[in-house]
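Working through the structure, step by step
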Amino acid sequence: MSTKKKIRSGAGTTMKPARKPRPVNNKKGLNLPWILMVIVIGITAMALSPMLKNEFTNWDDEYYVVQNALLRGPDWAGIFSKPVVSNYHPITVASLAFNYSMTQLDPSSYLITNLLLHLINTALVFYFIWLISGKKMWVAAFSAIVFGIHPMHVESVVWVSERKDVLYTLFFLLSLIQYWRFLNNGKNKNLIYCFLFFALSILSKPAAIILPFVLLALDYWYGRKFNQRVLLEKIPYLLVSIVFAVLTFNIQSKTPIA
């Protein structure tokens, strides 16, 4: 009959089997980019927070909001058919109509909306740069903080009439993100989303007409070969850009360009 020997140590105590090493938890490292994004957004919000004390100005706010009859109701047919201050940007005017329905001529909701849009844009810049840089979080953080607090962006955020800047930028960035996803997964639905966001962007401000050329720059950055297919993909974007370029020129030639 065989007997099992117990391994003993010291004063006759049985030694416990060695513990298995705990698996390394990498989740904290994965969360770091999003923590950085929150920090960047917080700094941007603090830097621009004095804007919430602002009032309407006597420069364009009078025409965009104070005396704009399209906001009363609102007049949806007029919003999508009539230019405002020599610009055709119905999505922007519709967003101002939303603010008017909330606070009428109290500037608080208009300014809060501008700030929130800019903070969302800052987060989107972080995410977009994070994607195209190969998920380098410090590159993304630096780009986003420069975008968020750069003095050149102050006017676009703190001035109610510049809603068009923060709004078109929102859809512009969403369009770029969808295009980058298309380059990575080849799914046509992302290309469709890219075009839809482009349409919303150009309806917020005609400056979005440059997007087709930015898409070509992304093709180059991704290392995509320039062929007939790449160019054909851009034709719908170019056609929309041409239409809005002509429309904007015709509208602005009456007053601003003259």
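Residues numbered from 1 in each chain as written. Predicted model: local features only at pLDDT ≥ 70, side-chain atom pairs only at ≥ 80, totals over all residues. Heavy atoms only, no water.

End to end, helix 6 (residues 137-149) covers 18 Å across 13 residues, agreeing with the expected 18 Å (1.5 Å per residue, within 8%). What helix 6 keeps buried is the set Met137, Ala140, Ala141, Ala144, Ile145, Phe147 and Gly148. In an axial view of helix 6, the angular spread of the buried residues amounts to 160 degrees, which keeps them on one side of the axis. The exposed residues of helix 6 that point more than 90 degrees off its buried face are Trp138 and Phe142. (Helix = DSSP H or I, 4+ residues; strand = E, 2+ residues; numbered from the N terminus. Expected span 1.5 Å × (residues − 1). Buried < 20%, exposed > 50% of the residue type's maximum accessible area, 1.4 Å probe, protein only. Arc of directions from axis to C-beta.)

A word on a nonpolar patch on the surface. Taken together, the side chains of Leu32, Ile35, Ile39, Ile43, Met46, Trp138 and Ile149 define a hydrophobic patch exposed on the protein surface, amounting to about 690 Å² of accessible area. Elements represented by at least two residues in the nonpolar patch include exactly helix 1 (27-48) and helix 6. Looking at the nonpolar patch element by element, the count peaks at five residues for helix 1. Positionally, Leu32 belongs in helix 1. (Patch = residues over 30% accessible without salt bridge, like charges linked within 9 Å, V, L, I, M, F, W, Y side chains within 5 Å. Areas by Shrake-Rupley, 256 points an atom, 1.4 Å probe, with all protein chains shown as cover. Salt bridge = Lys/Arg side-chain N within 4 Å of Asp/Glu carboxyl O.)

So, about the packing of helix 5 (residues 108-132) against helix 6. In a packed pair of helices, the relevant descriptors are the angle between the two axes and the axis-to-axis distance. Helix 6 packs onto helix 5 with a crossing angle of 150 degrees between their chain directions and a minimal axis gap of 8 Å. With respect to helix 6, the axis of helix 5 lies roughly antiparallel. For the pair helix 5 and helix 6, the sense of crossing is right-handed. Of helix 6, the residues touching helix 5 (which contributes His118, Asn121, Thr122, Val125, Phe126, Ile129 and Trp130) are Met137, Val139, Ala140, Ala141, Ser143, Ala144, Phe147 and Gly148. Split by residue class, the contact of helix 5 with helix 6 holds 10 nonpolar, five polar and no charged. (Axes fitted to C-alpha atoms, helices over the stretch in contact; angles between N-to-C directions. Parallel < 35°, antiparallel > 145°, perpendicular 65-115°, else oblique. Left-handed = near helix turned anticlockwise from the far one by under 90°. Contact = heavy atoms within 4.5 Å. Nonpolar A, V, L, I, M, F, W, Y, C, P; charged D, E, K, R; others polar.)

Their axes nearest at 8 Å, the elements helix 4 (residues 90-103) and helix 5 cross at an angle of 135 degrees. It follows from the interaxial angle that helix 4 and helix 5 lie oblique. Read as a crossing pair, helix 4 and helix 5 show a hand that is right-handed. Taken together, the residues of helix 5 that come into contact with helix 4 (itself represented by Leu96, Asn99, Tyr100, Met102 and Thr103) are Ser108, Ser109, Tyr110 and Thr113.

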